[in-house]
Amino acid sequence: MRYIAINDQQQLSLDETDKPAIGDDECLIKVRAIGVNRADILQKKGQYPPPPGESSILGIEACGELVAIGGLQTSWNVGDKVFAIVPGGAYSEYVKVKTDHLIKLPENLSYVQGAAIAEVYLTAYQCLFSIANLQSNAKVLIHAGASGVGTAAIQLAKQLNCSVTVTVGHEDKVAACKALGADEAINYHETDFVTWAVQQKHSYDVIIDVVAGEYLNKNIKVCALDGHIVILSMLGGRFAENIDVAKMLAKRVNLHATTLRSRSNEYKTQLIKAFTQDFYHCLDVGSISPVIYQQYSWHEAEVAHQVMLNNENIGKLILTVD
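On a predicted model such as this, the values are computed, not experimentally measured, just so you know.

Moving on, we come to helix α5 (residues 171-180). Those residues of α5 lying buried are K173, V174, A176 and C177. Where α5 is buried, its residues meet α4 (148-159), β9 (163-168) and β10 (184-187).

Close contact between helix α3 (residues 118-131) and α4 brings their axes to 8 Å; oriented N to C, the two are set at 55°. Between α3 and α4, the interaxial angle falls into the category oblique. The crossing of α3 and α4 is right-handed. The residues of α4 that touch α3, namely those facing V120, Y121, T123, A124, Y125, L128 and F129, are G148, V149, A152, A153, Q155, L156 and A157. Looking at the contact of α3 with α4 residue by residue, the class counts come to eleven nonpolar, three polar and no charged.

Applying the stated criterion to the full structure yields ten salt bridges. The partner of R252 in a salt bridge is D226, and the shortest N-O contact between them spans 2.7 Å. Of the two residues, R252 is situated in the loop between α8 (245-251) and β13 (254-257) and D226 in strand β12 (residues 223-231); the sequence distance between them amounts to 26 residues. You can call R252 partly exposed: its relative accessible area is 44%. Its relative accessible area of 37% is what places D226 among the partly exposed residues. Linked by salt bridges that have partners in common, D25, E26, K96 and K98 make up one network.

Scoring rules and cut-offs
- Residues numbered from 1 in each chain as written.
- Predicted model: local features only at pLDDT ≥ 70, side-chain atom pairs only at ≥ 80, totals over all residues.
- Heavy atoms only, no water.
- Buried < 20%, exposed > 50% of the residue type's maximum accessible area, 1.4 Å probe, protein only.
- Helix = DSSP H or I, 4+ residues; strand = E, 2+ residues; numbered from the N terminus.
- Contact = heavy atoms within 4.5 Å.
- Axes fitted to C-alpha atoms, helices over the stretch in contact; angles between N-to-C directions.
- Parallel < 35°, antiparallel > 145°, perpendicular 65-115°, else oblique.
- Left-handed = near helix turned anticlockwise from the far one by under 90°.
- Nonpolar A, V, L, I, M, F, W, Y, C, P; charged D, E, K, R; others polar.
- Salt bridge = Lys/Arg side-chain N within 4 Å of Asp/Glu carboxyl O.

Structural data, given as structure tokens:
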């Protein structure tokens, strides 16, 4: 099969390798579309290796149809259209996946749309519900609101009638987030979100943060009593200095750091079951839907990566396999 390989100069190009062999608890997807994630770029740079024993090929989410099924399943058939998260290997013509991690592609969605769901919606669901126990009418702050996870989190939170504030870096992203339902969108180049929140007398029950660094102290300042801060990434730096622990104690702040790729198969299975139980019907009827910035041929993977590095995208970048 063809796949996207990484050369010694960290450049991408098509190459050939063997098709994955599947176990009894796995299925094989013929990949039609691939979701691009920052994990792919970090892995390309040698900074985010796949979990031990998993494929070294890039890619953690894919959409396509089943072409082979392991012996332990009874619910799926060859030809079923599906999307899924995988620990690696999605940048290829075929990728294997645990059968319990498959999600049926709704009939109203295309392969491209399906490839834009799994990673961002499961991550957003994990942060908001599995970790932060989001409740109806809560106040939510989402940094990088126009990112894939951000656009998913806005939609999930609004399904519970939550008040949602986002921070973004461009006026186009302000408009896009408000169109998705965000109540407030702050351009951080023009306005400090802490100053704004204090002036508005806002504090937040749940804060989703991909920035870290100096944002940790800022998040603590605007966190509500018993609020949750969930850190997903560290785009603003690895270290946070001068943490105000007294303020954390006074507010009883719940501070979390999480990833999804390295979680156990059992954890992912339960997360997928919970998400599909709570929100699959919303995908099915279109009350939530993936936001796609651009789609590219997989021959243009380098271009897609650069767009993400430049923070140009609003929502997801997708590669199509031809």
